[in-house]
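# Tertiary structure, described
Here is how the chains run, residue by residue.
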Amino acid sequence: VLVIQSLGGLGDANYDAHITTLTRRLADYLHGQGIILPAPGLAGSHKAQRAFLTDPLISGVLEKARSANLALTGIGAPGRDSTLVKEGQFVDWPQLSELARMGAVGDINIRYFDEEGKPVKSELDDRIVGLTLDELKGINTVVAIAGGSVKFKAIRGALRGRFVNVLITDHVT
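Everything in this summary refers to the structure shown in the same document. Small disclaimer: the values here were computed from a predicted structure and weren't measured.

Ordered by their spatial adjacency, 3 strands build an open sheet running E3-E6-E7, and the pairing between neighbours is parallel. Strands at the two margins of the open sheet, each flanked by one partner only, are strand E3 (70–74) and strand E7 (166–168). Each adjacent strand pair in this sheet contributes to an overall mean axis angle of 20 degrees, direction not counted. Looking at chain direction, strand E6 (residues 141–145) and E7 are connected through 3 bridges and run parallel. Counted as the bridge partner of Val143 is Val166 from E7.

All right, on to the layout of surface pockets then. Volume-wise, the largest pocket comes out at about 1500 Å³. Surrounding the largest pocket, 47 residues form its lining, Ile19, Leu22, Leu72, Thr73 and Gly74 being those nearest its centre. If you list the elements that add at least two residues to the lining of the largest pocket, you get strand E1 (2–4), helix H1 (19–29), E3, helix H4 (83–87) and strand E4 (106–108). Here the residues of the lining of the largest pocket are counted per class, giving 28 nonpolar, 13 polar and 6 charged. Considering the residues around the second largest pocket, the lining is formed by Arg111, Tyr112, Gly117, Pro119, Val120, Lys121, Asp125, Thr132, Leu133, Asp134, Lys137 and Phe163. For the lining of the second largest pocket, the secondary-structure elements that each account for two or more residues are strand E5 (111–113) and helix H6 (133–137).

Okay, the pairing of E6 next. As paired elements, E3 and E6 share 5 bridges and run parallel to each other. Residue Gly74 lies in a different strand from E6, and its bridge partner there is Ile145. Read from E6 through helix H7 (residues 152–160) to E7, the crossover connection turns out right-handed.

Let us look at the side chain of Arg111. Topologically, Arg111 is positioned in strand E5. For Arg111, the side chain forms a polar contact with the main-chain oxygen of Leu131, separated by 3.2 Å. Here Arg111 is in contact with Gly106, Asp125, Ile128, Gly130, Leu131, Thr132 and Leu133, once residues within four sequence places are set aside.

Inspection of the secondary structure assignment puts Ala51 in helix H2 (residues 46–54). Residue class for Ala51 comes out partly exposed when judged on its relative accessible area of 47%. For the pair Ala51 and Gln33, spaced 18 residues apart in the sequence, the C-alpha separation amounts to 26 Å.

This part takes up helix H3 (residues 56–66). Residues of H3 that are buried include every one of Ile58, Val61, Leu62 and Ala65, and no others. Angular distribution of buried residues about the axis of H3 spans 95 degrees; they occupy a single face of the element. The inward-facing, buried residues of H3 contact E1, strand E2 (33–35) and H2. The backbone nitrogen of Leu57 has a side-chain oxygen 2.9 Å away, supplied by the residue at the start of H3, namely Asp55.

One pass over the structure, following the stated rule, counts 1 aromatic pair. Between Phe113 and Phe163, the aromatic rings sit 5.3 Å apart at their centres with planes inclined by 45 degrees, giving tilted as the arrangement. Of this pair, Phe113 sits in strand E5 while Phe163 is found in the loop between H7 and E7, placing the two residues 50 residues apart along the sequence.

Turning our attention to the pattern of salt bridges. This model, assessed by the stated rule, comprises 6 salt bridges. Residues Arg156 and Glu115 are paired through a salt bridge, measuring 2.8 Å at the closest nitrogen-oxygen approach. Of this pair, Arg156 sits in helix H7 while Glu115 sits in the loop between E5 and H6, placing them 41 residues apart in sequence. Residue classification places Glu115 among the partly exposed residues on the basis of a relative accessible area of 29%.

Criteria and thresholds
- Residues numbered from 1 in each chain as written.
- Predicted model: local features only at pLDDT ≥ 70, side-chain atom pairs only at ≥ 80, totals over all residues.
- Heavy atoms only, no water.
- Pairing = 2+ DSSP bridges.
- Helix = DSSP H or I, 4+ residues; strand = E, 2+ residues; numbered from the N terminus.
- Axes fitted to C-alpha atoms, helices over the stretch in contact; angles between N-to-C directions.
- 1 Å grid on protein atoms, 1.4 Å probe; cavity = no way out; pocket = protein on both sides within 12 Å on 5 of 7 lines; lining within 4 Å.
- Points joined across faces, edges and corners; volume = space filled by probe spheres on them.
- Nonpolar A, V, L, I, M, F, W, Y, C, P; charged D, E, K, R; others polar.
- Right-handed = clockwise from strand over helix to strand, strands pointing away.
- Polar contact = N/O pair within 3.5 Å; in protein donor to acceptor, adjacent residues only side chain to side chain.
- Contact = heavy atoms within 4.5 Å.
- Buried < 20%, exposed > 50% of the residue type's maximum accessible area, 1.4 Å probe, protein only.
- Arc of directions from axis to C-beta.
- Phe/Tyr/Trp six-rings, centres within 6.5 Å; stacked < 30°, edge-to-face > 60°.
- Salt bridge = Lys/Arg side-chain N within 4 Å of Asp/Glu carboxyl O.

This is the structure:
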């Protein structure tokens, strides 16, 4: 079993809930091998993103992720309490607020979409180091974990966009 990180990390890599730690822990639990994507999830600029994406190690990990037969992901919703905003170094509330004004109701891998599941383009797209929504669609089984009434529109948009085909949620949702 290979557990492959499909989006670069966000925040302090020493944090217990950092994606690299979660990738390794899941791989250990499954008695498999964790493959880490050694890059930030959101590069500082488009030029930096291009440099990361052309690095052979990083492009090799993303190629393996594209060929996976199962993906696990979360579904985010643009709000002041968003993890991206709370971190404080990736996206600020005015940027997220602008995405919401453009119709964004949710995101997967920091790639935003509207209520119908259509992508909402932003300058963030030119900085993300990770799989795109279309690349996720190419994976046979995409399991999303999301819940809470605040994420209802985001979950519905992700399902309408066919970005996920298995949903793990709570009774409120």
